[in-house]
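In case you want the letters, here they are:
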Amino acid sequence: MISAHDLSPAELAALLHFHADAGVDWLLEDQSINRFAEFATSRPARSTARQEAPQGDRQGNDRPAGSAEPSRRPAAASGRAAPPTPAIQQNVAVPDEQVVAAARFAAESARSIEELKTAVEAFNGCNLKNSARSTVFAEGSPASGIMVIGSMPDADDDREGIPFAGKTGLLLERMLAAIGLERSGIVLGNVVPWRPPGNRQPTQAEMDICRPFIERQIALYEPKHLLLLGNFTARFFFGGSGTIHTMRGQWRDVAAAHLVLPALASLHPQELLNAPASKSLSWQDLLAFRARITQS
């Protein structure tokens, strides 16, 4: 076993992040339990149960041919109560089109951002919510008329409950500051409000379920310009199967409810962390975005 003292700070941080991504919320129980003493206490009872078991049950070769295997001895014979049989939950499958219709109804019924946030948090029709820790809703100020939309929450977003947390958030803040924008002065959001398990790509059904919510966010915030970050986000709004490198830097119109807005796609901060050489491309996109918003 590797002791924590043998790990460097970077290795220890990486290990903690691994456990957090796997869903481990804490490493210690509320009360300490002596597992060795617990095992030593239960050992005599298990030994007695084995001695009392019929010879045929222990060896498995004294039953007549073709006879059914005898039932297990009840756990009470060993001095321990048998655990209750867990109830089997019947999951009723709901057709995707009905869930999409329910999501659309919930989104269109919201008359304010606060109502929409409540509706998204209460919505249970998307299976992504079952494995996510948080519902990550958009945040920020619509005063600037700018909305930045990413793809989906990552592990940091899921833990913090806000979009663009952690390293990606810090990099995005520096990127925005380079063109004279502050995080608090714009709206930040994601296409999908729940982190997919293992950061996998959302399915088409999951995308269809989440679409009414993000489009309603855009309609209620009423931005004048959209900055779409990442391959997934660009495809979601622009359609097609192109990559972010073929779609970035091009202004296109995006329809959301009664609005038709100019949108520019660029690389996601996470992509820049993985491939720093692409920062020059992102900088070109940011300059084009600044030029457009200053003309308005």
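Here the residue numbering is sequential within each chain, running from 1 through the sequence in written order. The predicted origin of the model limits local features to residues at a pLDDT of at least 70 and limits the giving and counting of side-chain atom pairs to 80 or more, whereas totals for whole chains, interfaces and linings rest on all residues. The basis for every side-chain value is the complete set of heavy atoms in the structure, and neither hydrogens nor water enter the calculation.

Draft legend 1. Broad picture of the environment of Gly145. Helix numbers and strand numbers start at the N terminus; a helix is a DSSP run of H or I with at least 4 residues, a strand a run of E with at least 2. Within the secondary structure layout, Gly145 lies in the loop between β1 (139-140) and β2 (146-150). When the C-alpha atoms of Gly145 and Lys224 are compared, they prove to be 4.8 Å apart, with 79 residues separating the residues in sequence. Discounting residues that sit within four places of it in the chain, Gly145 has contacts with Pro223, Lys224 and His225. By the convention used here, residues are in contact when the closest approach between their heavy atoms is within 4.5 Å.

Draft legend 2. Spatial organisation of empty space enclosed by the protein. Within this scheme a cavity is a closed region of a 1 Å grid, computed over the protein atoms alone, that accommodates a 1.4 Å probe without allowing it to escape, whereas a pocket is open but has protein on both sides within 12 Å along at least five of seven lines; lining residues each have an atom within 4 Å of a point. Grid points are joined across faces, edges and corners, and a volume is the space filled by probe spheres set on the points. With the rule as written, the count across this model stands at one cavity of 30 Å³ or more. Considering only enclosed or pocket space, the largest cavity measures out at about 30 Å³ in volume. Lining of the largest cavity is provided by Val136, Phe137, Asn190, Val191, Val192, Pro193, Phe213, Ile214 and Gln217. Ranked by residue count, the leading element in the lining of the largest cavity is helix α9 (residues 204-221), at three residues. Throughout, the ten residues Ala, Val, Leu, Ile, Met, Phe, Trp, Tyr, Cys and Pro are labelled nonpolar, Asp, Glu, Lys and Arg are labelled charged, and all others, Gly among them, are labelled polar. Residue classes in the lining of the largest cavity are distributed as seven nonpolar, two polar and no charged.

Draft legend 3. Here's a closer look at the packing of aromatic side chains. Note on ring pairs: Phe, Tyr and Trp rings are taken, using the six-membered ring of Trp, and paired if centres are within 6.5 Å. Classes follow the plane angle, with under 30 degrees stacked, over 60 edge-to-face and the rest tilted. Summed over all chains, the structure comprises four aromatic pairs. Aromatic pair Phe123 and Phe213: ring centres 5.2 Å apart, planes at 70 degrees, arrangement edge-to-face. Placement of Phe123 in the loop between α5 (113-122) and α6 (128-131) and of Phe213 in helix α9 is noted, with a sequence separation of 90 residues between them. For the residue pair Phe123 and Phe213, the accessibility class agrees, reading buried in each case. An angle of 10 degrees between the planes, with centres 5.7 Å apart, marks the rings of Trp251 and Phe289 as stacked. Of this pair, Trp251 sits in strand β5 (residues 251-256) while Phe289 is found in helix α13 (residues 279-295), placing the two residues 38 residues apart along the sequence. Residue burial is assigned from relative accessible area. The probe radius is 1.4 Å, only protein chains are included, and a residue is buried under 20% of its type maximum, exposed over 50%, and partly exposed in between. Residue classification places Trp251 among the partly exposed positions, given a relative accessible area of 26%.

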